[in-house]
Amino acid sequence: MRREELIANIMVLIFLLGIIFYFSLPLTWLILSSLDPGATTPEFRIPSRISLENYARLVEPVGKVPPYRWIINSLIIATASATLTTIVSLLAAFVFTRYSFRGQQSMLTAFVIFRLIPPLLIALPLMTLFKMWNLMNSMQALILVLSALVMPFTLLMMESCFRSIPVTYEEAAMTDGCSRLGAFLRVTLPLAAPGLVSVWLLAFVYSWGEFIIPLMIIKLPELYPAAVGLYFFFGQYGRIEYGKLSAFSIVYAIPMVIIFFITQKYLQRGIAGLVSR
Amino acid sequence: MQKRSLTSSLLDRIVTIFEGGFARLLLVPALAFIGIFVVFPLVWSVILSFTDYSLIGRRAVEWGFIGFTNYIRILSDTVFRDSVINSFLFTIFSALIGQAFLGLAIALVVRMKLPEGPLGTVLKILKVIAVTLVFISWVIPEVIAGYAWAAITEKGGLLTKLLGLEERLYLTRPLETIIISNIWRGTAFSMILFMAALESIPNYIYEAAEIDGATPWQRFRHIVLPLIAHAIIVDFILITIWTFGVFTIPFIILREQPSILWTLYVYTKATSIYEPARAAAAANIMFIIVLALIIVYLKLLGRLRGWS
């Protein structure tokens, strides 16, 4: 190895160690404190004994509600809204890719704009509207809102997924006597299945992590999704039990990490699509 | 002849109903969802900003229009002005300088050719660990990220201790704290984007340059940079839009110091009983800025893809 090359590689080594150090800081603390039964303050310490006590204590109520309840709420909310979004945007994407109509292009542009609007700008008027419509603390309403908010995103994803499948397959089926929707359902849909799954998973992830919307429209602790529960647990409740909170965070984070590793390929392809010319 | 199953013929029955003009009806549910829960609230926000609506009391029912009063109040509020300036600083430092720069650096390192032997193996393992950690930081729920950063910047917290400080980091240096936490949070997007952009540069271009004796810096400056310029622009605009609207992580870290960013300012006003209408006015002003950024992005995307 030449000298300059060695120096370059050592610089890369230092850089990588720096990155690993920086990015592992909060995660290290989360994991260590969740395993430390004595972690009651944010003070950093090496646990004197490792145990899963904090995890087991998630069934003990905080206020009146046991934290695991918030995870169950999140599961219900995210599953329902992901399913709803997938079905509704599947129907719309079918029309978008198989028919042409006036205003089609401007609708797609509008979806791109909606996808980029900060959710706070929608959460604020929604809160006042929900107060007037008496929809505060309604889990059903929350499911509908979350479905709608992720829809511009899932619709565009689904649209590009259907577009990537040649229409000629469907035309062949139609020549053989299939109706248009029949051909779509029997030919294109099975081919698009992996894309559909990733749309569902992304919608799930969105609702699973969303914070500001439920924060503003759900005020009853027993109805909190995990995100708001964690905040309530942390921000509003007298004495903070850090170990238990960290254990809760880890339980809450795991499904998301798993889903992202499954969908990593789609995600990378989606992001790569932004820069392809 | 092929025997057809019952479900299949039933499906055909339904299908025929939806054929022709009826198919467009399938758009209705999606448009209704987006219309009711996205478009209408945005329109309502504009109406709300001209009223004296309050969350409880008489004004919650009998509100009326008061013209531009809310806008005048907001624009003359120095807290609002400071929060907007801070939001710009936050965006410049955490997104444009932090995330984009780190993301590009990591992507370049990942792309580098590694030497043979033990050093190469070590670097390879470290590369995988680093990319995985960056990725995980991006995918865990935002609330957890906020909580973890709040805890490590507390008195005696991991980061505060490492820096040898006595006081809570997030209280003494709030803006810096949310900037480093946001770099941590968002670098993955830029990293993945640049990895994809670098991937699209064919190897022979590098090799040709190497044979011609170009130094690594020359190769970066004259080959890589021009070829990924469009990716850098797309990245800059997207992370600017996102970072400008960031709410959750700073909100959770800075529980005791609201209003440092415009998003936190809007939230504080929105939840204080008499000021939701004023919050709407502030939100609308910011919406115009965000919309301008989005339009720039769309124009650019159109040019890159040659539609416009």
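Everything numeric here is computed off the predicted structure, so don't read it as measured data.

1. Regarding the overall build of chain B
Here comes step 1: Across its full length, chain B holds 15 helices and zero strands.
Here comes step 2: A compact globule built from 308 residues would reach a C-alpha radius of gyration of about 19 Å, whereas chain B, at 26 Å, exceeds it by more than 25%.
Here comes step 3: Expressed along its principal axes, the backbone C-alpha trace of chain B runs to roughly 85 × 75 × 40 Å.
Here comes step 4: Burial statistics for chain B: of 308 residues in total, 52% are counted as buried.
Here comes step 5: Counting contacts in chain B only where the partners sit at least 6 residues apart, residues at least 24 apart contribute 68% of the total.
Here comes step 6: Of the roughly 14600 Å² that chain B leaves accessible, carbon and sulfur atoms contribute 69%.
Here comes step 7: Considering chain B, the positive charge centre built from 25 side chains and the negative charge centre built from 19 side chains are found 5 Å apart.

2. Quick look at the overall build of chain A
Here comes step 1: Looking only at helices and strands, chain A features eleven helices and zero strands.
Here comes step 2: The linear arrangement of helices and strands in chain A, starting from the amino end, is α-α-α-α-α-α-α-α-α-α-α.
Here comes step 3: By the compact-globule yardstick of 19 Å for 277 residues, chain A is too spread out, its C-alpha radius of gyration being 24 Å.
Here comes step 4: Overall size of chain A, expressed as C-alpha extent along the three principal axes, is 75 × 70 × 30 Å.
Here comes step 5: When the 277 residues of chain A are sorted by exposure, 57% land in the buried category.
Here comes step 6: Restricting to contacts in chain A with at least 6 residues of sequence separation, those with at least 24 account for 70%.
Here comes step 7: Of the charged side chains in chain A, 20 are positive and 13 negative, and the gap between their average positions amounts to 5 Å.

3. Thoughts on helix H4 (residues 78-111) of chain B
All names here are of chain B.
Here comes step 1: Under the 1.5 Å per step criterion, the end-to-end length of H4 is 47 Å for 34 residues, consistent within 8% with the ideal 50 Å.
Here comes step 2: When the local axis directions of H4 are compared, the greatest deviation, roughly 25 degrees, occurs at Gly-98.
Here comes step 3: Where H4 begins, the side chain of Asp-77 points an oxygen toward the backbone nitrogen of Val-79, at a separation of 2.9 Å.

4. What about the domain arrangement of chain A?
Bring the parts together and some accessible area is lost; that lost area is often taken as the interface size.
Residue and element names in this part refer to chain A.
Here comes step 1: We note that the domain assignment places domain 1 (2-53) and domain 2 (55-276) within chain A.
Here comes step 2: Computed over C-alpha atoms only, the centres of domain 1 and domain 2 are separated by 32 Å.
Here comes step 3: Between domain 1 and domain 2, the residue contacts involve twelve residues of the former and eleven residues of the latter.
Here comes step 4: Summed over both sides, the interface between domain 1 and domain 2 buries roughly 900 Å², with carbon and sulfur atoms accounting for 61% of that surface.
Here comes step 5: Sorting the residues of domain 1 by area buried against domain 2 places Ser-34, Thr-40 and Glu-53 first, and these three jointly supply 45% of that buried surface.
Here comes step 6: Linking domain 1 with domain 2 are seven residue pairs in polar contact (both at pLDDT 80 or more), by the criterion used here.
Here comes step 7: The biggest single contributor to the side of domain 1 that touches domain 2 is helix H1 (residues 3-35), with six residues.
Here comes step 8: Of the residues in the side of domain 1 that touches domain 2, the class split is seven nonpolar, four polar and one charged.

5. A word on the environment of Glu154(B)
Here comes step 1: Turning to its location among the elements, Glu154(B) is positioned in the loop between helix H6 (142-152) and helix H7 (158-162).
Here comes step 2: Residues Glu154(B) and Phe189(B), spaced 35 residues apart in sequence, show a C-alpha to C-alpha distance of 28 Å.
Here comes step 3: The contact partners of Glu154(B), leaving out residues within four places of it in the chain, are Pro42(A), Tyr242(A), Thr160(B), Arg168(B), Tyr170(B) and Arg255(B).

6. Here we look at the packing of aromatic side chains
Here comes step 1: The tally for this structure, following the rule as stated, stands at 47 aromatic pairs over all chains.
Here comes step 2: Ring geometry for Phe162(A) against Phe184(A): centres 5.0 Å apart, planes inclined by 85 degrees, an arrangement best described as edge-to-face. With Phe162(A) in helix H6 (residues 139-163) and Phe184(A) in helix H8 (residues 180-209), the pair connects residues that are 22 residues apart, well separated along the chain. For the pair Phe162(A) and Phe184(A), a shared accessibility class is recorded, and that class is buried.
Here comes step 3: Taking the centre distance of 5.8 Å and the plane angle of 40 degrees together, the rings of Trp217(B) and Phe220(B) count as tilted. Taken together, the residues Trp217(B) and Phe220(B), both in helix H11 (residues 216-227) and three residues apart, mark about one turn of the helix.
Here comes step 4: The exposure class of Trp217(B) is exposed, given its relative accessible area of 58%.
Here comes step 5: Put simply, the rings of Trp70(A), Trp200(A), Phe204(A), Trp208(A), Tyr224(A), Phe232(A), Phe233(A), Phe248(A) and Tyr252(A) touch in pairs and so form one group of aromatic residues.

7. A few points about a nonpolar patch on the surface
Here comes step 1: A contiguous nonpolar surface patch, about 690 Å² in accessible area, is contributed by Met132(A), Trp133(A), Ile36(B), Val39(B), Phe40(B), Val43(B), Ile47(B) and Phe65(B).
Here comes step 2: Of all the elements in the fold, those that place two or more residues in the nonpolar patch are helix H5 (120-133) of chain A together with helix H2 (28-48) of chain B.
Here comes step 3: A per-element tally of the nonpolar patch places H2(B) first, with five residues.
Here comes step 4: Structurally, Val39(B) is set in helix H2.

What counts and what doesn't
- Residues numbered from 1 in each chain as written.
- Chains lettered and ligands numbered in written order.
- Predicted model: local features only at pLDDT ≥ 70, side-chain atom pairs only at ≥ 80, totals over all residues.
- Heavy atoms only, no water.
- Helix = DSSP H or I, 4+ residues; strand = E, 2+ residues; numbered from the N terminus.
- Rg over C-alpha atoms; globule rule 2.2 N^0.38 Å.
- Buried < 20%, exposed > 50% of the residue type's maximum accessible area, 1.4 Å probe, protein only.
- Contact = heavy atoms within 4.5 Å.
- Areas by Shrake-Rupley, 256 points an atom, 1.4 Å probe, with all protein chains shown as cover.
- Lys, Arg positive; Asp, Glu negative; His and termini not counted.
- Charge placed at Lys NZ, Arg CZ, Asp CG, Glu CD.
- Expected span 1.5 Å × (residues − 1).
- Bend = angle between axes of the 7 residues up to and from the residue.
- Polar contact = N/O pair within 3.5 Å; in protein donor to acceptor, adjacent residues only side chain to side chain.
- Domains from an automatic or database assignment.
- Buried area = accessible area lost by both parts, 1.4 Å probe.
- Nonpolar A, V, L, I, M, F, W, Y, C, P; charged D, E, K, R; others polar.
- Phe/Tyr/Trp six-rings, centres within 6.5 Å; stacked < 30°, edge-to-face > 60°.
- Patch = residues over 30% accessible without salt bridge, like charges linked within 9 Å, V, L, I, M, F, W, Y side chains within 5 Å.
- Salt bridge = Lys/Arg side-chain N within 4 Å of Asp/Glu carboxyl O.

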